[in-house]
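For reference, the chains in residue letters:
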Amino acid sequence: MNETLRVIAERYSCRAFEGSLPEKEKLDAIALAAVQSPSGMNRQPWQIVVITDKAFIEEMDKDAMQILSEHEDKSMYERFMGRGGTMFYNAPCIFLILMQSNTGLDCGIVSENIALAASALGLGNCICGMLRIPLNGARGEEFKQKIGFPEGWEFGMSVLVGYAGKPGTPHEPDMSKIRYI
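Residues numbered from 1 in each chain as written. Predicted model: local features only at pLDDT ≥ 70, side-chain atom pairs only at ≥ 80, totals over all residues. Heavy atoms only, no water.

Time to look at the pairing of strand β4 (residues 154–162). By the criterion of burial, β4 is predominantly enclosed, with 7 of the 9 residues buried. Judged from the 7 bridges that link them, strand β2 (residues 93–99) and β4 form a sheet pairing that is antiparallel. Its bridge partner being in β4, L98 is matched across the sheet by F155. Bridge count for strand β3 (residues 124–128) against β4 is 5 bridges, and the pairing is antiparallel. Counted as the bridge partner of I127 is V159 from β4. (Buried < 20%, exposed > 50% of the residue type's maximum accessible area, 1.4 Å probe, protein only. Helix = DSSP H or I, 4+ residues; strand = E, 2+ residues; numbered from the N terminus. Pairing = 2+ DSSP bridges.)

If you want it as structure tokens, here you go:
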């Protein structure tokens, strides 16, 4: 099987990281893959912020879990509690994709490049939109300032990256979702 297709087939959403930070060379390679993503009219409407400050990640995680615990609908909070009680699964690194308004499609392409590059390098990863919870919460401006959000940019997506704490399995493809005309 082609190596690219093998990585796509074997990739899974890692929800248990061991916590140790991957080597800088791997993080650099993933960041390069991110900015090599295609975009409409080659506008490249993104910025990539690689967050490796474990204490900061844990602080945002704790804040997000607190926000979820206070929400009227407890289902999402209970889901995360059932998966170990953390939103970011002990990930030592978050690739944060900042975007300009109305560029979500390009942001999605970047997140997939990050996930596939991480998988190709033997790292667990999980495309995660949940970072928006602490960024939009009461401490959101504080977190954005620490991250260095430029004026006019917004949260696009994030990808959790690190060494998997336990093996996972890819989802089973649903071939009924494919039609040819």
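This brings us to the pattern of salt bridges. In a structure, side chains of opposite charge can pair up when their charged atoms sit close to one another. Using the criterion set out here, one finds 10 salt bridges in the structure. A salt bridge links D53 to K146; the nearest nitrogen and oxygen atoms lie 3.9 Å apart. Residue D53 is located in the loop between β1 (46–51) and α3 (54–70), and its partner K146 is located in helix α7 (residues 140–147); the two are separated by 93 residues in the primary sequence. Residue class for D53 comes out partly exposed when judged on its relative accessible area of 37%. For R139, the salt bridge goes to E59, with nearest N and O atoms at 2.3 Å. Taken together, the residues span a long stretch of sequence, with R139 in the loop between α6 (132–136) and α7 and E59 in helix α3 at a distance of 80 residues. (Salt bridge = Lys/Arg side-chain N within 4 Å of Asp/Glu carboxyl O.)

Before going further, it helps to examine a nonpolar patch on the surface. Together, M1, L5 and I8 make up a nonpolar patch on the protein surface, roughly 370 Å² of accessible area in all. With respect to the element layout, L5 can be found in helix α1 (residues 3–10). (Patch = residues over 30% accessible without salt bridge, like charges linked within 9 Å, V, L, I, M, F, W, Y side chains within 5 Å. Areas by Shrake-Rupley, 256 points an atom, 1.4 Å probe, with all protein chains shown as cover.)

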